[in-house]
Amino acid sequence: MDVAGFRPLCFERLPAAESLRRVREYRERMGTRRSVREFSTEPLPDGLVEEALAAAASAPSGANHQPWHFVVVRDPAVKRAIRVAAEEEERAFYAGRASQEWLRELAPLGTDEHKPFLEAAPCLIAIFTRKFNTAPDGSRLKNYYTAESVGIATGLLISALHLAGVATLTHTPSPMQFLNRILERPDTERPFLLLVVGYPVDGVRVPDIQRLPLEQLVSFR
Ligand code: IYR
């Protein structure tokens, strides 16, 4: 039956064995994803970030409002401004804004207030949550489930970049209101995450941490 505003789903029904093969391959590839904190200055292939962003923008969202905005930062002067502002917040964080408990939890990661990767990496993607969209008449249109929607889009983005052989770091300097100022975004948008994108430096090492086994995360009824 034809219903106005609907169209057929583009859907590929797979044999079970092929489904399993694909999900295992995806699981294996994603199992090697790690946050990287030492980036080389090597540039990314042209068009790669744009393709990954298009994949991110396929995410489901509340009422299909697509409440996200991505700023791709490649300009060295803008990266520098972001580094300076982020390090200022991070200095306050590590010098006492964070609780002792929080700093204890972070110690195994070896993080501190120095963020040279914000300048070294060829690309930063500042992800903003749009709390409101603008209606055609200029009025404010509320968005729904924004954290869920932008979180899913960010997950797809990280996954697309990882499958493309590119490393990322989810960086959350706190607070990160400075991103609105530096990137000239309106106050209807809130910074969600700063994604650092590029290649790891040769020989990079990452914390030896483990993921929990499925039995501890999943229950079946
Ligand atoms: N934003 C700080 C601190 C930090 C917090 C968490 I939770 C981490 O998983 C990692 C770092 C920083 O980037 O250093």
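Our subject is the structure listed above.
Read on for an overview of the structure. (Residues numbered from 1 in each chain as written. Predicted model: local features only at pLDDT ≥ 70, side-chain atom pairs only at ≥ 80, totals over all residues. Heavy atoms only, no water.)

1. A short note on the sheet that holds strand β2 (residues 123–130)
Here is step 1: One open sheet holds the 4 strands; their spatial order is β1-β2-β6-β5, and the pairing between them is antiparallel. A strand with exactly one partner marks an edge of an open sheet, and here the two such strands are β1 (68–73) and β5 (167–171). Sheet twist, expressed as the average angle between the axes of neighbouring strands with direction ignored, equals 25°.
Here is step 2: As paired strands, β2 and strand β6 (residues 189–198) are joined by 8 bridges and run antiparallel to one another. Residue pairing in the sheet places T129 in a bridge with R190 of β6. (Pairing = 2+ DSSP bridges. Helix = DSSP H or I, 4+ residues; strand = E, 2+ residues; numbered from the N terminus. Axes fitted to C-alpha atoms, helices over the stretch in contact; angles between N-to-C directions.)

2. As for the pattern of salt bridges
Here is step 1: In the structure shown here, the tally under the stated rule is 14 salt bridges.
Here is step 2: Measuring nitrogen to oxygen at the nearest pair gives 3.1 Å for the salt bridge that ties E25 to R29. Within this pair, E25 and its partner R29 are both found in helix α1 (residues 16–30), separated by 4 residues, close to a single helical turn.
Here is step 3: Classification of E25 as partly exposed rests on a relative accessible area of 32%.
Here is step 4: Look at R29 and you get partly exposed, because its relative accessible area is 45%.
Here is step 5: A network of salt bridges, in which partner residues are shared, links E12, E18, R21, R22, E25 and R29. (Salt bridge = Lys/Arg side-chain N within 4 Å of Asp/Glu carboxyl O. Buried < 20%, exposed > 50% of the residue type's maximum accessible area, 1.4 Å probe, protein only.)

3. Brief notes about the site of the ligand
Here is step 1: Taken together, R37, E90, F93, Y94, W102, L106, L109, T111, D112, K115, H171 and T172 form the complete shell of residues around the ligand.
Here is step 2: Separating an oxygen atom of the ligand from a side-chain N or O atom of E90 is a distance of 2.9 Å.
Here is step 3: Note that an oxygen atom of the ligand is positioned 2.5 Å from one of the side-chain N or O atoms of K115.
Here is step 4: Summarising the interface, the protein chains cover 72% of the accessible area of the ligand, which totals 380 Å² for the free molecule.
Here is step 5: The biggest single contributor to the shell around the ligand is helix α3 (residues 76–97), with 3 residues.
Here is step 6: Considering only residue class, the shell around the ligand consists of 5 nonpolar, 3 polar and 4 charged. (Near = heavy atom within 4 Å. Polar contact = N/O pair within 3.5 Å; in protein donor to acceptor, adjacent residues only side chain to side chain. Areas by Shrake-Rupley, 256 points an atom, 1.4 Å probe, with all protein chains shown as cover. Nonpolar A, V, L, I, M, F, W, Y, C, P; charged D, E, K, R; others polar.)

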